[in-house]
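Each chain, written out:
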Amino acid sequence: MNRCTKPLIASLFIAVSALMTGVLAVFPSESQAQRLFPQKVQRGKITFVNTREVMLNDRPERLAPGVVVRNERNTIALTGSLRGNSYTVNYLRDPMGLVREVWILSPAEAERPVRPAYRGQPAVPAEADPTVYAN
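Fair warning: this is a prediction, and the values are worked out from it, not measured in the lab.

Turning to the overall build of the protein, a few remarks are in order. When its secondary structure is counted, the protein shows two helices and five strands. For the protein, the α and β elements follow one another from N to C terminus as α-β-β-β-β-β-α. Residues classed as buried in the protein amount to 26% of the 135 residues present. If you sum the accessible surface of the protein, you get close to 10200 Å²; carbon and sulfur atoms cover 60% of it.

If you want it as structure tokens, here you go:
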């Protein structure tokens, strides 16, 4: 004789969990999702020299206080752990001209243009964009 019968809710929970596992396999995983970057992002090659100093496109630059560096998996990376490494990145500057946000690109993201073409117009490289001002 079975004294502990399974309540109906437990059986229902097991069935729903099994269905959700199948449904989640249909949707793209986080690694397949495409990251979206701000419109004013620029592309460059960065080498982390020190905690606050980098070489950006072979020129010494400083990182802004509170800089956010995101790695290929879109998680925050500490600048001290990146010291001595070089990456292809997208970056943004703050009003003072310091680098304030950095996205380390995967090889697939690095192949894509910085700004996608809209309405049949070709993508404009960052150097030729008239809205990008040099300091």
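Overall, mixed pairing links the five strands, which are arranged 1-2-3-5-4 in a closed barrel. Across the sheet, the mean angle from the axis of one strand to that of its neighbour is 60°, orientation sign disregarded. As defined by bridge partners, strand 2 (residues 53–56) adjoins strand 3 (residues 59–70) across four bridges and the pair is classed as antiparallel. Among the inter-strand pairings, Leu-56 is bridged to a residue of strand 3, identified as Arg-59.

Time to look at the nonpolar core. Nonpolar side chains tend toward joint burial in soluble globular proteins. In this structure, Ile-46, Phe-48, Val-69, Leu-82, Tyr-87 and Val-89 are the most contacted members of the largest nonpolar core, which totals 15 residues. At the level of secondary structure, the elements contributing two or more residues to this core comprise strand 1 (42–48), strand 2, strand 3, strand 4 (86–93) and strand 5 (99–104). Val-69 has contacts with Phe-48, Thr-75, Ile-76, Ala-77, Thr-79, Leu-82, Val-102 and Ile-104, leaving out every residue within four places of it along the chain.

Once that is clear, we can look at the pattern of salt bridges. Applying the stated rule across the entire model yields five salt bridges. Arg-93 is paired through a salt bridge with Glu-61; the nearest N and O atoms lie 3.2 Å apart. One end of the pair, Arg-93, is in strand 4; the other, Glu-61, is in strand 3, and 32 residues separate them in sequence. For Arg-93, a relative accessible area of 25% corresponds to the partly exposed category. For the salt bridge of Arg-100 with Glu-101, the shortest nitrogen-to-oxygen distance reads 3.1 Å.

About the thresholds
- Residues numbered from 1 in each chain as written.
- Predicted model: local features only at pLDDT ≥ 70, side-chain atom pairs only at ≥ 80, totals over all residues.
- Heavy atoms only, no water.
- Helix = DSSP H or I, 4+ residues; strand = E, 2+ residues; numbered from the N terminus.
- Buried < 20%, exposed > 50% of the residue type's maximum accessible area, 1.4 Å probe, protein only.
- Areas by Shrake-Rupley, 256 points an atom, 1.4 Å probe, with all protein chains shown as cover.
- Pairing = 2+ DSSP bridges.
- Axes fitted to C-alpha atoms, helices over the stretch in contact; angles between N-to-C directions.
- Core = buried A, V, L, I, M, F, W, Y, C linked by side-chain atoms within 4.5 Å.
- Contact = heavy atoms within 4.5 Å.
- Salt bridge = Lys/Arg side-chain N within 4 Å of Asp/Glu carboxyl O.

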